[in-house]
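Reading the structure
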Amino acid sequence: MPTLPDYSLLELASVREGDSVSTTLANSVAYAQHAETLGFKRFWLAEHHNMEGISSSATSVLVGHIAGRTNTIRVGSGGVMLPNHPPLVVAEQFGTLECLYPGRIDLGLGRAPGTDPITARALRREGLGAEQFPEDVARLQSLLGPLQPDQPVKAIPGAGTEVPIWLLGSSLFSAQLAAARGLPYAFAGHFAPRLYREALRVYRDNFQPSPQLDRPYAMLAIPGIPADSLDQAKFLATTSYQRILSLFRGQPLWMKPPVESMDGLWNAGEKLSVLDFLALQVMGDADDIRHQLDNLLADIHVDELMFTVDIYDPAQRRHALDILAQTRDQSTSSMASIN
């Protein structure tokens, strides 16, 4: 049985219908702490704005909060949407985080605004869109790198911290840029599964070594619904179906309790769209998920899998990590017995 890649988690701090943000963030902390005890490698938070039901908009604040309540797991952004922020501010924020939690901070960068055009304008970066992304990445690399003689603008804190920068993407653009800059790359298969094979291939085929990375390092984000049985997982998955359906309809994204059937909640076209959105989703018990992951990884090479786990009940969501960890530990036990 082949060894699976490292496991990590992506968190949106999703608000259950009727819950407060305070309760949501306390649940996120408990979720991260449980992931740490199970040996998950990273816990990243995604930046979104003006979306009712998602409370991770102040991403760097939450990165610091989670890092402060854990001890070993790497914590970072998945990602900071760079069109929304001056690179100097990002460098100062993540440089400060690196000083507070040395060796545990990641800076994942996206080139989309993560919101609608009106909100993007409210973020006061009008006119500075995705086309400036390569230059902004270069500025960040410079600001987080060693101070240079006569450098006019310095990130203090930030300079010299060399916080690891990742490029995130759902198309081929960031794969090409990450390869050219010698940066680690994460593909957003949890919401844009169509081009994952092509993007990962482009990244590996074109990778150029850099001071940060001497060989390609790729991550694939996928949705997961681990449960004690496949039937239970199919039931729990209706929470994510309802959220994505709300996204397509332009409605608030509150997490809703699972339902016995989606019949009557979506039409045939919406069902196809939701399931296409979740094309890389794995679900079921440990054996089910292990089999699905083996099939997924049969024709691609990734160094890490990052899971989004949309389960309504916080205790069940933490238990899902136990099941997910079993799939990883199965391969470790198998390799140990062979040796």
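Since the structure is predicted, the reported quantities are computational estimates derived from the model, not experimental observations. (Residues numbered from 1 in each chain as written. Predicted model: local features only at pLDDT ≥ 70, side-chain atom pairs only at ≥ 80, totals over all residues. Heavy atoms only, no water.)

1. Comments concerning helix H3 (residues 87-100)
Note the threshold: Helix and strand definitions follow DSSP, with helices as H or I runs of at least four residues and strands as E runs of at least two, each counted in order from the N terminus. Helix span is expected to be 1.5 Å times the residue number reduced by one. The cut-offs for exposure are 20% and 50% of the maximum accessible area for each residue type, with area from a 1.4 Å probe on protein chains only; residues under the lower value are buried, those over the upper are exposed, and the others partly exposed. Here, the arc refers to the directions that run from the helix axis to the C-beta atoms. We call two residues contacting when some pair of their heavy atoms lies within 4.5 Å.
Compared with the 20 Å implied by 1.5 Å per residue over 14 residues, the 20 Å span of H3 between its first and last C-alpha is a close match. For H3, the complete set of buried residues consists of Pro87, Val90, Ala91, Phe94, Gly95, Leu97 and Glu98. Viewed along the axis of H3, the buried residues span an arc of 160 degrees, placing them on a single side of the element. The elements touched by buried residues of H3 are helix H2 (59-68), strand E3 (74-81), strand E4 (105-110) and helix H5 (133-144).

2. Overview of the side chain of Arg328
Which entries qualify depends on this criterion: What qualifies as a polar contact is a pair of N or O atoms within 3.5 Å, subject to a donor-acceptor requirement within protein and to the restriction that residues adjacent in sequence count only when both atoms come from side chains.
Assignment of secondary structure puts Arg328 in helix H12 (residues 314-338). Within polar-contact distance, the side chain of Arg328 engages the backbone oxygen of Leu38 at 2.6 Å. Only 3.2 Å separates the side chain of Arg328 from the side chain of Asp329, close enough to count as a polar contact. Residue contacts for Arg328: discarding those within four places in its chain leaves Leu4, Tyr7, Leu38, Gly39 and Phe40.

3. Let's talk about the pattern of salt bridges
Pairing is possible between side chains that carry opposite charge, provided their charged atoms lie close to one another. What counts, and what does not: When a carboxyl oxygen of Asp or Glu lies within 4 Å of a side-chain nitrogen of Lys or Arg, that pair is called a salt bridge.
With the rule as written, the count across this model stands at 14 salt bridges. Across the salt bridge formed by Asp6 and Lys41, the nearest N and O atoms sit 3.4 Å from each other. Here Asp6 is found in strand E1 (residues 6-11), whereas its partner Lys41 is found in the loop between helix H1 (21-37) and strand E2 (42-45), with 35 residues between them in sequence. Arg16 is the salt-bridge partner of Asp19, the closest N and O atoms lying 3.0 Å from each other. By sharing partners, the salt bridges in this structure join Arg42, Arg74, Asp106 and Glu304 into a single network.

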